[in-house]
Amino acid sequence: MVQGTTSDAGKSTVVVALCRLLQRQGVRVVPMKPQNMALNSAVTIDGGEIGRAQALQAQAARLPAHTDMNPVLLKPSSDTGAQVIIHGKVRADMNARDYQQYKTIAMGAVLESYARLQRNYNAIIVEGAGSPAEVNLRERDIANMGFAEAVDCPVILVADIDRGGVFAHFLGTLACLSESEQKRIVGFVINRFRGDISLLEPGLKWLEEKTGKPVLAVLPYLHGLQLDAEDAIQSSQSNSGKFKIIVPVIPRISNHTDFDALRAHPDVDLQFISLGMAIPAADLIILPGSKNTRDDLDFLQSQGWRVAIEKHLRYGGKVIGICGGYQMLGQVVSDPHGVEGKPGDSIGLGLLDITTELTSEKRLEQVTGTCAFGDLTVPVEGYEIHMGITYASNDTLPAFKISGEDEGARSPDDLILGTYLHGLFDHPDACHALLNWAGLQSDLKPDLAALREQSIDRIADACEPLLEALQQLPC
């Protein structure tokens, strides 16, 4: 099991690396994260929903993503509440206190998945969540040491040296653990190191003498990786192209991995516009997915985005709405059953002649089709994750053709496009067609899938010393 001293210490990428390295050796290896809290999710081969990072880890192991890889997924819908997804399906909406009591049931689901993976694979690489040192969450823990103790597995502890204080992170984490949990940790991994390793060696020796545990590996800081973010928005971008795209960072933004292919395009300059930032001029505005469409719609209205979008359209700019962003573009978002809170209606941005009714049933499906604009033979692929049905008027045009049926909507003047498809930019031809529709004239077609594969292999190559060290341990 890979645990971290903090969130974003590098747990996910270490699991990616170990899965790819073992897969290269012919080992039947599978990733697993007992509990994940994230708004970036993926649709699995068995028709469920898991964290996006686990789908990436499955790719590293060259496996189709399956719900047993992430049996418990929490999708925050407010500061104190979340949608609880068990084995890929929505179980309930709970506040934090109720979920704390529910963890006993959730652990049962986790152990069911673990038992199935044990029967079918030779090795399981498990990712923890956050840090095992969160003492307030220790009771009924299913994400870190609670799981490790239940299944009796060894643990490696990862810390990010780029944050600073790496030795304090290791010692402080150990101090918060019980004696049995401390013994379970077989070694340390220092992540994202850059500089002269000889200057670090005295610290490594001190840490090993202080704890009696080895430093298994010091991993380098790798730049330019194209990997799915688990949750936090990766705002940095190596490209600053001529074509400007802006995306509002709404409070419950989901599946912002939709924009990874655009961020990888040399001719695109994509900016995430956060609270308080000025809304700059752009060629294309994209409204992202949302875990709480009605609240995020209110946020957009309060931040002046409606006025900015209307001005953008008057100057001939294009707009795309994805999933929740698609719903916001319409006339009304109706919530008669209280799916997102108190039952009622929210007035949309009024830019597309569509209406949406939120439903308690979540649609989860991987889809393929073609574009309904430009070259009608251009393929598109993606996945749908949404709770709602959208009705388009006869005045709208379809965005895509999925299984022969119209999907999404375009405005009569063809300036606005809305769709439920996540991952719509991932296919190189679809990305090229969408950017061409939006006004970018470019012959470049970055292949995000190939870039991900290259990044997985780069991480795996860098982690070879870690695997060698692990394979020499007596456990």
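Notes on the structure follow.

Overview of the packing of helix α1 (residues 11-24) against helix α13 (residues 448-462)
And step 1. Where α1 contacts α13, the axes come no closer than 8 Å and their chain directions differ by 85 degrees. The orientation of α1 with respect to α13, classified from their angle, is roughly perpendicular. Here α1 contributes Thr13, Val16, Ala17, Arg20, Leu21 and Arg24 to the contact with α13, which in turn contributes Glu453, Ile456, Asp457, Ile459, Ala460 and Asp461.
And step 2. Residues of the contact of α1 with α13, tallied by class, amount to 6 nonpolar, 1 polar and 5 charged.

Notes on the nonpolar core
And step 1. Counting 63 residues, the largest nonpolar core has Ile245, Leu262, Ile286, Ile309, Ile320, Phe400 and Phe425 as the members making the most contacts within it.
And step 2. If one sorts the elements of this core by residue count, helix α12 (residues 428-438) sits on top with 7 residues.
And step 3. If near-sequence neighbours (up to four positions away) are discounted, Phe425 is found in contact with Asp258, Ala261, Leu262, Ile286, Ile320, Ile322, Cys431 and Leu434.
And step 4. Membership of the second largest hydrophobic core comes to 46 residues, among which are Val72, Ala106, Val110 and Ile190.

Things to note about helix α5 (residues 166-175)
And step 1. For α5, the set of buried residues is Val166, Phe170, Thr173 and Leu174. One side of α5 carries all its buried residues, which in axial view fall inside an arc of 100 degrees. Structural note: α5 exposes Ala168 and Ala175 on the side pointing more than 90 degrees away from its buried face.
And step 2. The inward-facing, buried residues of α5 abut β10 (155-160), α6 (179-184), β11 (185-193) and α7 (197-211).

Details of the packing of aromatic side chains
And step 1. For the coordinates displayed, the defined rule picks out 8 aromatic pairs.
And step 2. For the pair Phe259 and Phe272, a centre-to-centre distance of 5.9 Å together with 75 degrees between the ring planes defines the contact as edge-to-face. Of this pair, Phe259 sits in the loop between β14 (253-254) and α8 (260-263) while Phe272 is found in strand β15 (residues 268-273), placing the two residues 13 residues apart along the sequence.
And step 3. With relative accessibility at 0%, the residue Phe259 sits in the buried group.
And step 4. What makes Phe272 buried here is its relative accessible area of 10%.
And step 5. Residues Phe373 and Trp437 carry aromatic rings whose centres are separated by 6.3 Å and whose planes lie at 50 degrees to one another, so their mutual orientation is tilted. Pair noted here: Phe373 is in the loop between β22 (363-371) and β23 (379-386) and Trp437 is in helix α12, with a separation of 64 residues, a long-range link.
And step 6. Every member of this aromatic cluster is reached through a ring pair, and the members are Phe373, Phe400 and Trp437.

Here we look at the pattern of salt bridges
And step 1. Summed over all chains, the structure comprises 31 salt bridges.
And step 2. Across the pair Arg184 and Asp152 runs a salt bridge, and its minimum N-O distance is 3.0 Å. Taken together, the residues span a long stretch of sequence, with Arg184 in helix α6 and Asp152 in the loop between α4 (145-151) and β10 at a distance of 32 residues.
And step 3. On the basis of relative accessibility, which here comes to 59%, the residue Asp152 falls in the exposed class.
And step 4. In this structure, a network of salt bridges that share partners links the residues Arg20, Arg24, Arg62, Glu453, Asp457, Asp461 and Glu464.

Considering helix α3 (residues 96-120)
And step 1. Counted at 1.5 Å a residue, the expected span for α3 with its 25 residues is 36 Å, and the 34 Å between its end C-alpha atoms agrees.
And step 2. By the largest-angle criterion, Tyr102 marks the main kink of α3, which is about 50 degrees.
And step 3. Buried within α3 we find Tyr99, Gln100, Tyr102, Lys103, Ala106, Met107, Ala109, Val110, Ser113, Tyr114 and Leu117.
And step 4. Among the residues of α3, the N-terminal cap falls to Asn95, whose side-chain oxygen and the backbone nitrogen of Arg97 are separated by 3.2 Å.

Cut-off values and rules
Residues numbered from 1 in each chain as written. Predicted model: local features only at pLDDT ≥ 70, side-chain atom pairs only at ≥ 80, totals over all residues. Heavy atoms only, no water. Axes fitted to C-alpha atoms, helices over the stretch in contact; angles between N-to-C directions. Helix = DSSP H or I, 4+ residues; strand = E, 2+ residues; numbered from the N terminus. Parallel < 35°, antiparallel > 145°, perpendicular 65-115°, else oblique. Contact = heavy atoms within 4.5 Å. Nonpolar A, V, L, I, M, F, W, Y, C, P; charged D, E, K, R; others polar. Core = buried A, V, L, I, M, F, W, Y, C linked by side-chain atoms within 4.5 Å. Buried < 20%, exposed > 50% of the residue type's maximum accessible area, 1.4 Å probe, protein only. Arc of directions from axis to C-beta. Phe/Tyr/Trp six-rings, centres within 6.5 Å; stacked < 30°, edge-to-face > 60°. Salt bridge = Lys/Arg side-chain N within 4 Å of Asp/Glu carboxyl O. Expected span 1.5 Å × (residues − 1). Bend = angle between axes of the 7 residues up to and from the residue. Polar contact = N/O pair within 3.5 Å; in protein donor to acceptor, adjacent residues only side chain to side chain.

Don't take any of this as a statement about function, it's just geometry.
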